[in-house]
Amino acid sequence: MKAPKFHFDVSTGLKRVLGRELITDAEVAIFELVKNSFDAGADVVHLFFGDDKIVVADNGSGMSLSDLREKWLFVAYSAKHDNSSSDYRNIMADRAHFAGSKGIGRFSSDRLGERLALQTRSEHTKSPRIEKLEIDWSLFEKNDREHFENIPIKHAISTQFDLPNELEKFRLALTHGTVIEISDLRASWGRNRLKSLKANLAKLINPFGAEVDRFNILITAPSEEAQDERVRNTAREKNEDPVARDIVNGKVGNFIFADLQEKTTFIKVTIKSHKITTELVDRGEVVYKIREPNPYDKLENSEFRCEIFYLNHSAKTTFARRVGLPSVQFGSVFLFRNDFRVFPIGEDGDDWFGFARRKQQGYARHLGTREVIGRVDVVDTGNSFQEASSRNQGLIETPTVEQLRECVMKSCLQRLEKYVVPVSWVDKAEADSDDLSRLLTDPGKARVSAAVANLVSNNDVELLTYSKKLINLVNERSSDFESSIASLRTIASKLDDRKYLTKLDLAEKRFKELKKSEAEARETAERERAATLEAIERAQHAEKQATEAQAEAAIERRRAHFLTEVIDLDISTILNLHHQVTIYSVDIHQQIENLIQDAAGKKTLPRETFIKSIEQVAFLNRKIQAITRFATKANFQLDSERITTDLTGFLVDYVENISRVSSSARMHLEIENLHEGGYVIRFNPIDISIVVDNLVSNAKRARASLVKFCIEPLGKSGMLLRVTDNGRGLAKGANPRKIFDMGYTTTHGSGLGLYHVRQVLGEMGGTIELDDEYDKKGTSFVIKIAGKRQK
């Protein structure tokens, strides 16, 4: 007797399992249909939302009758698995990977509505014939004991695509592709729901605006056109552009990250040829690019690439204005498999990569999901990155997926973190800065150099390039000079840059000579101070003892007469100013000596060497000029090079008692102090005089008749000084980004004034920048100081 054969029977209930029960979200259902269009090689897909129907129409490769019978109607069959897609919705030559692969995405329409009508024409057919199928999903639900294959599906033929009138232009251009119409909808699609769909579709394809922009999604919802126009009109009345998120109809815009690239710090990581390449960019400037061995063997052929952006306060503001919602609601780091989003990774509240858990372990030293946004891309040619069947549960755990998480955490997030925390977080004002102004100061450049030096000290790391703008010698007068030299030596040694190492040796030699001269000058000045005070004491003592030694007292009075007058002018202040003049004059002498040594035996001298030396001399000379102003006009006490006092009060005193008196008669100076609580910090008064004097001098050259200083609070622990004049403004052709660079000038000046201002402010933890919002005649500068307050 022949043994019976056994096989599975398939119930009509399978439709429910693969449809509504598997695809639990209507947006995910639409995503699945869009993915099918992408996989078919379409460059455009239209989503139409009409009265009780949704139409998904694409210009992909389409299907033939045999494709429909043998593949589309073959449940759970996917031509993508066996690479037989050459005649099944054939992909374009340059689209090598698929977004879906399970062969069940076609059932997603069941989540959206009860009826499906499909129209398709293959790009390989020469016939005008269009194949049409009509499916009533409700027929599969009448009796679960009914066999799946027994439910009838209507087939028809047409010679032209049937599309809504609103898509007529697309229909006329459509020679091949697929149109799916879903009717008897299970839920309505109101404005808020459509806006949410549009926002999530933008994240689905490529919110970073790079490689797959050739794939376009367009939404047409006639019922929302009137409201869209009202939104545009409201924006026009405010002289603003409408936020894309508030408009339903039109192209689903990829969020272009170019704006963010110019305003914040981001890292790019790729894996190729057994190497990991990392590039870190800070506000448009490539800080470094390195290459190292790839320890993630399972990711070698995944075409791994990652971009993560650090969102400081300025970047978050830009993001919210551009996208229409806070970055935290947009999401964090998304995962893309074959160019399509893997849900829900990166969504608000999702911590698939573990960033948030790690943030809790060290809030002040770790980046979390609220501070970063980005994308991770992998290509899956097998099943290494397989999505869970529920379509919104991420990836199935595999050893490859485990390595993916580790790579993103250690080689991407933590690498970005090792720059942001020591470079940006130590300077609170960086949170509001959308340019490099704070990092172009000597303390800023020293921090960047240290961060890169720590990175490349690893023998396995190959330094490919670095920013000459941010990683460079700081000024010899900077307190960060010595630490910066050590960092630069590490970087130059890594590159085996003998020429730069020699340059560092010379800079270090000059620095040591300068320090030695300063020490000798201080010693000399202290001896003179002590001798002067001793003479004063002798004179005072002699005067008191006049009755016992009148002749001796008379002689001592004659010797100390000048000194007695000095006492009346505040001896401690004058002696301290004399002390500083001695030090600065010795510094000038040493700079001149260095320049003579550099020029010895040479017919020519590099311009950079000459300019740098002259700049040092000019800066020291400005300090001496400032001291001469203090000597006769200051009405505040100066008992050391650096004082601890209320900076706002100091500024008011300086402008009213020194700048106003010494400025031109035709130029009026005003100062307003709105910082009622005061701002007590430790600073060098000479530095403040350099800032004020240079800005007043620039206003005078611009023929201003009025210069206004306005002091305001900056956050809880800072000060903002706005300096505005009514002069001619920046010269025609001047580059606003370069006016603080050494030697840059559009007048007959030296080009050192604003450079010195930025340097001294940098030492104080401050910055200066043009006020971009100032729209009146003249120039306006904004100075921000966020140094640690003194109690």
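The structure under discussion appears in the preceding block.
What you see is a predicted model, and the numbers here were worked out from it, not measured in a lab.

1. Focus on the overall build of the protein chain
- When its secondary structure is counted, the protein chain shows 21 helices and 23 strands.
- The buried share of the protein chain, reckoned over its 791 residues, is 51%.
- Contacts in the protein chain between residues far apart in sequence, at least 24 positions, make up 72% of those at least 6 positions apart.
- Split by element, the accessible area of the protein chain, about 38200 Å² in all, is 49% carbon and sulfur.

2. Regarding the sheet that holds strand 8 (residues 250-251)
- Overall, mixed pairing links the eight strands, which are arranged 5-4-3-6-2-1-7-8 in an open sheet. Both outer strands of the open sheet, strand 5 (154-158) and strand 8, are each paired with one neighbouring strand and no more.
- One ladder, built from five bridges, connects strand 4 (residues 130-136) with strand 5; its direction is antiparallel. Of the residues in strand 5, the one forming a bridge with Ile130 is Ser158.
- Lying on the sheet, helix 3 (residues 65-72) is in contact with strand 3 (113-121), strand 4 and strand 5; it crosses strand 4 at an angle near 35 degrees.

3. Let's talk about the pattern of salt bridges
- All told, the structure shown has 32 salt bridges when counted by the stated rule.
- Of the charged contacts, one joins Lys359 and Glu371 as a salt bridge, the two residues approaching to 2.8 Å between their closest N and O atoms. Taken together, the residues span a long stretch of sequence, with Lys359 in helix 11 (residues 355-361) and Glu371 in the loop between helix 11 and strand 15 (372-378) at a distance of 12 residues.
- With relative accessibility at 8%, the residue Lys359 sits in the buried group.
- Through salt bridges with shared partners, a single ionic network connects Arg115, Asp136 and Asp184.

4. Section: the sheet that holds strand 20 (residues 706-714)
- Spatially, 18-20-21-23-22 is the arrangement adopted by the five strands of the open sheet, whose pairing is mixed. Every interior strand has two partners, whereas the edge strands, strand 18 (668-673) and strand 22 (766-770), have only one. Neighbour to neighbour, the strand axes of the sheet diverge by 15 degrees on average, direction disregarded.
- Here eight bridges tie strand 20 to strand 21 (residues 718-725), and the two strands are oriented antiparallel to one another. When the bridges of strand 21 are listed, Pro713 appears paired with Met719.

5. Let's talk about the side chain of Asn59
- Along the polypeptide, Asn59 turns up in the loop between strand 2 (53-58) and helix 3.
- A polar side-chain atom of Asn59 sits 2.7 Å from a polar atom in the side chain of Asp43.
- A polar contact of 3.3 Å, which involves the side chain of Asn59, links it to the backbone nitrogen of Val44.
- Discounting residues that sit within four places of it in the chain, Asn59 has contacts with Ala42, Asp43, Val44, Phe170, Leu174, His176 and Gly177.

6. Structural notes on a positive patch on the surface
- A cluster of like positive charges, contributed by Arg666, Lys700, Arg703 and Arg728, occupies part of the molecular surface.
- Position of Arg703 relative to the elements: it lies in the loop between helix 20 (685-701) and strand 20.

7. Digging into the nonpolar core
- Ranked by size, the top nonpolar core spans 64 residues in total, and within it Phe304, Leu335 and Leu404 carry the most contacts.
- Here the element with the most residues in this core is helix 12 (residues 399-425); it accounts for 11 residues.
- Those residues in contact with Leu404 that sit more than four places away from it in its chain are Leu299, Phe304, Leu335, Trp352, Val376, Val378, Phe385 and Leu395.

Cut-offs applied
- Residues numbered from 1 in each chain as written.
- Predicted model: local features only at pLDDT ≥ 70, side-chain atom pairs only at ≥ 80, totals over all residues.
- Heavy atoms only, no water.
- Helix = DSSP H or I, 4+ residues; strand = E, 2+ residues; numbered from the N terminus.
- Buried < 20%, exposed > 50% of the residue type's maximum accessible area, 1.4 Å probe, protein only.
- Contact = heavy atoms within 4.5 Å.
- Areas by Shrake-Rupley, 256 points an atom, 1.4 Å probe, with all protein chains shown as cover.
- Pairing = 2+ DSSP bridges.
- Axes fitted to C-alpha atoms, helices over the stretch in contact; angles between N-to-C directions.
- Salt bridge = Lys/Arg side-chain N within 4 Å of Asp/Glu carboxyl O.
- Polar contact = N/O pair within 3.5 Å; in protein donor to acceptor, adjacent residues only side chain to side chain.
- Patch = residues over 30% accessible without salt bridge, like charges linked within 9 Å, V, L, I, M, F, W, Y side chains within 5 Å.
- Lys, Arg positive; Asp, Glu negative; His and termini not counted.
- Charge placed at Lys NZ, Arg CZ, Asp CG, Glu CD.
- Core = buried A, V, L, I, M, F, W, Y, C linked by side-chain atoms within 4.5 Å.

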